[in-house]
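Coordinates in review
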Amino acid sequence: VGKGPEYETLAAFGSMLMINDLGTIIKANESCNNLGLDTISCGSLIAFAMEAFEKGILTEEEIGMDLSWGNKESTLKLIEKIAKRDGIGDILAEGVMRASEKIGNDSKKFARHVKGLEMPMHDPRAIFSMGLHYATDAVGSRHSSANQLIAMGLAAMGIPEIGIKRAPKRTKTKKQASATVKVQDLNTVSNSLVVCAFSTAGKAILDQVEIYNAITGSSLSIDDFLTIGERITNLRRAFNMKFGLTAKDDVLPPRMQESMPDGGSAGVVIDLKPMLDEYYQLRSWDPVTGKPLKEKLIS
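These lines cover the structure that appears in this document, whether it is placed above or below.

Reading guide: rules and limits
Residues numbered from 1 in each chain as written. Predicted model: local features only at pLDDT ≥ 70, side-chain atom pairs only at ≥ 80, totals over all residues. Heavy atoms only, no water. Helix = DSSP H or I, 4+ residues; strand = E, 2+ residues; numbered from the N terminus. Expected span 1.5 Å × (residues − 1). Buried < 20%, exposed > 50% of the residue type's maximum accessible area, 1.4 Å probe, protein only. Contact = heavy atoms within 4.5 Å. Salt bridge = Lys/Arg side-chain N within 4 Å of Asp/Glu carboxyl O. Axes fitted to C-alpha atoms, helices over the stretch in contact; angles between N-to-C directions. Parallel < 35°, antiparallel > 145°, perpendicular 65-115°, else oblique. Left-handed = near helix turned anticlockwise from the far one by under 90°. Nonpolar A, V, L, I, M, F, W, Y, C, P; charged D, E, K, R; others polar. Core = buried A, V, L, I, M, F, W, Y, C linked by side-chain atoms within 4.5 Å. Polar contact = N/O pair within 3.5 Å; in protein donor to acceptor, adjacent residues only side chain to side chain.

**Considerations on helix α12 (residues 222-242)**
- Compared with the 30 Å implied by 1.5 Å per residue over 21 residues, the 30 Å span of α12 between its first and last C-alpha is a close match.
- For α12, the full list of buried residues reads Ile222, Phe225, Leu226, Gly229, Glu230, Thr233, Asn234, Arg237, Asn240 and Met241.
- Those residues of α12 that are buried lie in contact with α8 (128-136), α10 (176-193), α11 (204-216), α13 (272-283) and α14 (294-298).
- Phi for Gly244, located one or two positions after α12, is positive at around 110 degrees.

Right, here's the structure in full:
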């Protein structure tokens, strides 16, 4: 008995680890909550370790347990090890990016992260705009700051309130950049207002503007909101660049360059470059370095 795990947790500790027992997933969720671990990152870490075990890169002696796909007992034990930095958990606790650097043996090829943040369960090969968002977001592959892109990709609907009349086709590069820019700017403002991400769907987008104006006595429009979001996005980008981030970090991991063998996006390979080029142009970022242009920061 425990709290019901949400979608990301079900996928991270369920299908991604080949565990089909709901009780184990509920227990994994409870353990992560009690130990202060993020379920997306933790599930991704264990999946990474399981693949390393499958490929013989990590051995049972090194891990201290059998880490075959679907092993329920080992999964729950490894959560504890990661939290307590015990044994192999000390390496995994650094995240898949640093863990793959320490483990080596081509493990980087299946280390799913962007800018060091483990990838969530919304696959960008199914929704190209999510791939562009993951690659360009200030903190890396974070689905929660672009939930509308997921909704648009799945339901083929637009967001007319912010000028997206029709959703771009989910596995085509055209118009993905403009949609991504607008959704990112909108969510940046919503995050600054500290409102629930689920409240930014439908008419609630305009409700936020009305509520803000009523509380502050302002008369901002939705376009003003997007401008504020754009300024915050550029400031965050400038901050990251100041501390060493470059355009080379606006990438997706190697695993995302492999096509899926079946399903609704079988055979699809995401082409990030044309979307990234258009994104930089729309953002007024240097096409080579990815830095915000001085004129844009001043404006």
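**Observations regarding the pattern of salt bridges**
- According to the stated counting rule, one finds 16 salt bridges in the structure shown.
- Between Arg85 and Asp90 there is a salt bridge, with its nearest N and O atoms 2.8 Å apart.
- Take Arg85: its relative accessible area is 39%, and that puts it in the partly exposed class.
- Assessed through its relative accessible area of 35%, Asp90 is described here as partly exposed.
- Residue Arg85 pairs with Glu94 through a salt bridge whose shortest N-O separation is 2.5 Å.
- Ionic contacts of the salt-bridge type, sharing partners, join the residues Glu51, Lys55, Arg255 and Glu258 into one network.

**Some details on the packing of helix α3 (residues 39-54) against helix α7 (residues 96-103)**
- Two elements in contact, α3 and α7, have axes whose closest approach is 10 Å; the angle formed by their N-to-C orientations is 20 degrees. Judged by the inter-axis angle, α3 sits roughly parallel to α7. The handedness of the crossing between α3 and α7 comes out as right-handed. Two secondary-structure elements touch here, α3 through Ser44, Leu45 and Phe48 and α7 through Val96, Ala99, Ser100 and Ile103.
- Class assignment of the residues belonging to the contact of α3 with α7 gives a composition of five nonpolar, two polar and no charged.

**Things to note about the packing of α10 against α12**
- Remark: α10 packs on α12, axes separated minimally by 7 Å, with the N-to-C direction vectors making an angle of 90 degrees. Looking at the two axes, α10 sits roughly perpendicular to α12. Contact residues: α10 offers Lys182, Asp185, Leu186, Thr188, Val189, Ser192 and Leu193, while α12 offers Ile222, Phe225, Leu226, Ile228, Gly229, Glu230, Ile232, Thr233 and Arg236.
- Grouping the amino acids of the contact of α10 with α12 by side-chain chemistry returns eight nonpolar, four polar and four charged.

**Notes on the nonpolar core**
- One finds Met152, Ile162, Val183 and Leu252 to be the most contacted residues of the largest nonpolar core, which totals 38 residues.
- Elements represented by at least two residues in this core include exactly α8, α9 (147-155), α10, α11, α12 and α13.
- Looking at which element gives the most residues to this core, the answer is α10, with six residues.
- When near neighbours in sequence (up to four residues on either side) are disregarded, Val183 contacts Ser145, Ala146, Gln148, Leu149, Met152, Ile159, Ile162 and Ile164.
- Grouped together as the second largest cluster of nonpolar side chains are 34 residues, Leu45, Met50, Ile57 and Ala99 included.

**What to know about the environment of Ile40**
- Examined against the element boundaries, Ile40 turns out to sit in helix α3.
- C-alpha separation for the pair Ile40 and Thr59, spaced 19 residues apart in sequence, amounts to 24 Å.
- Look past the residues within four positions of Ile40 in its chain and what remains in contact with it is Glu8, Glu118, Met119, Pro120, Met121 and His143.

**Let's talk about the environment of Gly64**
- Here Gly64 shows up in the loop between α4 (60-63) and α5 (72-84).
- Gly64 sits in the exposed class, given a relative accessible area of 58%.
- Between the C-alpha atom of Gly64 and that of Gly87, which follows or precedes it by 23 residues, the distance is 8.0 Å.

**Some details on the side chain of Ser41**
- The topology assignment puts Ser41 in helix α3.
- The class of Ser41 is buried, set by a relative accessible area of 15%.
- Within the structure, the side chain of Ser41 is placed 2.6 Å from the side chain of Glu118, a separation counted as a polar contact.

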